[in-house]
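Topology and contacts: notes
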Amino acid sequence: MTTPTSPLTSTLKVFFNPHFAASEYEFDTTRKAIDIAESLIANPIANVELVDPTFFYQEAERVISLIHSPEYVKAVKTGKPRELAQSSSFVWDKGIFPMARAHTAGMIAATRCALENSVRAASLSSGMHHASFGSGAGFCTFNGLVAAIQTARELGALRILVLDYDAHAGGGTWNIMQKLFDDNVVQVDVTVSPFDTWTPSGESRLDIVDSSDYREAIRTSLDYAASLEPFDFIIYNAGVDIRNSGVSENDLRARERMVANFVGSTPAIFGLAGGYTWGRYNIDDVVAWHRLTISAWA
Ligand SMILES: [Zn+2]
């Protein structure tokens, strides 16, 4: 199976389709991909191309069955048992599974695109890094970051970096990594929140910092990640909810430039992760923050 690509591999392919919002349950992470895609159509960013990942649904179901327990996958599909089906905090409806499968398919499609063409790619996926092997958590259903790791490993990538700069820590990702992968899959995480923190081992690293120290913490974290190179593949969880936690837009913009520079020519993907209309912000703000990541990578 190969990723459908145009001859112009220099465009940043950003995977998305309307199933990213298939759940009846309305939340920023089950809706914002639509607003971002509409914004990219109305006000395009040069060298960015939206691509539909529907072709990868079957593949997504196969990978989901490898990275989550059968009981949990069944619960998300059927709604039973209800407590497990709603462990993400979403009220269960029959659209939850198609929604989460589409987000996962986007990450798998982006991974295949990046590794098969040795380029950068992206998916408008979110709600991933708190999901652990046996349950959802913190508005995350299936762990698309781990789906990307699994896909990359099947494509022969040995040394893989997960860079998680969402405002919250990636304890769900770490939980599944410990179960499925060796020390050559490394997670480097900077968080401004104690939510879902984890205990690093090997080369992995977690920094919990104050929002006023954020830019310097990212610089230090990227210097550390650079000391571990080379990587065959980089997965960036590009949460912009640091804005909801008091980090300035200038610091977010600087972060995205630093990460894009760090990635360089290594095959890499990003997913959206957090970014909310909480506080004084609206969906236009959230779209604008995520566009900073897309622009930096394009
Ligand atoms: Zn978050």
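Shown above is the structure to which this text applies.
Residues numbered from 1 in each chain as written. Predicted model: local features only at pLDDT ≥ 70, side-chain atom pairs only at ≥ 80, totals over all residues.

1. Comments concerning the overall build of the protein
Using the following cut-off: Helix and strand definitions follow DSSP, with helices as H or I runs of at least four residues and strands as E runs of at least two, each counted in order from the N terminus. When we talk radius of gyration, it's over C-alpha atoms, and the globule rule is simply 2.2 Å times the number of residues to the 0.38. C-beta atoms are first placed from the backbone for all residues, and any pair lying within 7 Å is then listed as a contact.
Each helix and strand counted, the protein has 10 helices and 8 strands in total. Relative to the globule expectation of 19 Å for 298 residues, the C-alpha radius of gyration of the protein, 17 Å, shows essentially globular dimensions. For the protein, the spread of C-alpha atoms along the three principal axes comes to 45 × 45 × 45 Å. In the protein, once contacts between residues fewer than 6 apart in sequence are set aside, the share between residues at least 24 apart is 76%.

2. Comments concerning helix H6 (residues 144–154)
We count it as follows: Exposed residues have 12 or fewer other C-beta atoms within 10 Å of their own C-beta, buried residues have 20 or more, and residues in between are partly exposed; the C-beta atoms are placed from the backbone.
Counting buried positions along H6 yields 9 of 11 residues, so the element is predominantly enclosed. Turning to H6, its buried residues number three or more, namely Gly-144, Leu-145, Val-146, Ala-147, Ala-148, Ile-149, Gln-150, Thr-151 and Ala-152.

3. Regarding helix H2 (residues 57–67)
Defined as follows: Note that the arc is computed from the directions linking the helix axis to the C-beta atoms.
Taken together, the buried positions of H2 are Ala-60, Val-63, Ile-64 and Ile-67. The buried residues of H2 occupy an angular sector of 105° when projected down its axis, which confines them to one face. Counted as exposed and oriented over 90 degrees from the buried face of H2: Gln-58, Ser-65 and Leu-66. Residues of H2 that are buried sit in contact with helix H3 (70–78), helix H5 (96–117), H6 and helix H7 (171–180).

4. Notes on the sheet that holds strand S8 (residues 268–271)
Quick note on the threshold: By the convention used here, strands pair only if DSSP detects at least 2 bridges between them. Note on geometry: axes are lines fitted to C-alpha atoms, helical ones only across the stretch in contact, with angles between N-to-C directions running from 0 to 180 degrees.
Spatially, 8 strands are ordered S2-S1-S3-S8-S7-S4-S5-S6 in an open sheet, and the strand pairing comes out parallel. At either margin of the open sheet sits one strand with a lone partner, and together these are strand S2 (48–51) and strand S6 (205–208). Within this sheet the neighbouring strands show an average axis-to-axis angle of 15°, counted without direction. The sheet contact formed by strand S1 (residues 12–15) and S2 spans 4 bridges and is parallel. Looking at the pairing, Leu-12 lines up with Val-48 of S2. Helix-sheet contacts for helix H10 (residues 283–297) involve S1, S2, strand S3 (120–123) and S8, and the interaxial angle to S3 is about 160°.

5. With respect to the pairing of strand S5 (residues 185–191)
Formally: With its strands directed away from the observer, a crossover is right-handed exactly when the path from the first strand over the helix to the second travels clockwise.
For S5, the buried fraction is high: 7 of the 7 residues fall into the buried class. Of the two faces of S5, the one holding Val-185, Gln-187, Asp-189 and Thr-191 and the one holding Val-186, Val-188 and Val-190 are both buried throughout. Where strand S4 (residues 160–164) and S5 come together, 5 bridges link them in parallel fashion. Along S5, the bridge assignment pairs Ile-160 with Val-185. Regarding topology, H7 serves as the crossover connection from S4 to the parallel S5, and that connection is right-handed. Relative to S6, S5 runs parallel, the two being bridged by 4 bridges. Residue Val-188 lies in a different strand from S6, and its bridge partner there is Arg-205.

6. Here's the deal with the environment of Gly-138
Note that Gly-138 resides in the loop between S3 and H6. Considered as a pair, Gly-138 and Val-190 are 52 residues apart in the sequence and their alpha carbons are 17 Å apart. Not counting chain neighbours up to four residues away, the residues in contact with Gly-138 comprise Ser-89, His-130, His-168, Phe-195 and Asp-196.

7. Some points on the packing of H2 against H6
How we decide: What sets the label is the angle itself: under 35 degrees gives roughly parallel, over 145 gives roughly antiparallel, 65 to 115 gives roughly perpendicular, and the rest give oblique. Each residue receives one of three labels: charged for Asp, Glu, Lys and Arg, nonpolar for Ala, Val, Leu, Ile, Met, Phe, Trp, Tyr, Cys and Pro, and polar for the others, Gly being one of them.
Where H2 meets H6, the closest approach of the two axes is 10 Å, and the angle between their N-to-C directions is 100°. One element, H2, and the other, H6, form an angle in the roughly perpendicular class. Contacts between H2 and H6 involve Val-63, Ile-64, Leu-66 and Ile-67 from the first element and Val-146, Ala-147, Gln-150 and Thr-151 from the second. Among the residues making up the contact of H2 with H6, the classes are represented as 6 nonpolar, 2 polar and no charged.

8. Notes on the packing of helix H8 (residues 214–227) against helix H9 (residues 249–263)
Across the interface, H8 lies against H9 with an axial gap of 10 Å and an inter-helix angle of 10°. In this view, H8 runs roughly parallel relative to H9, as classed from their interaxial angle. Between H8 and H9, the contacting residues are Tyr-214, Arg-215, Ile-218, Arg-219, Leu-222, Ala-225 and Ala-226 on the first element and Asp-251, Ala-254, Arg-255, Met-258 and Phe-262 on the second. Broken down by class, the residue content of the contact of H8 with H9 amounts to 8 nonpolar, no polar and 4 charged.

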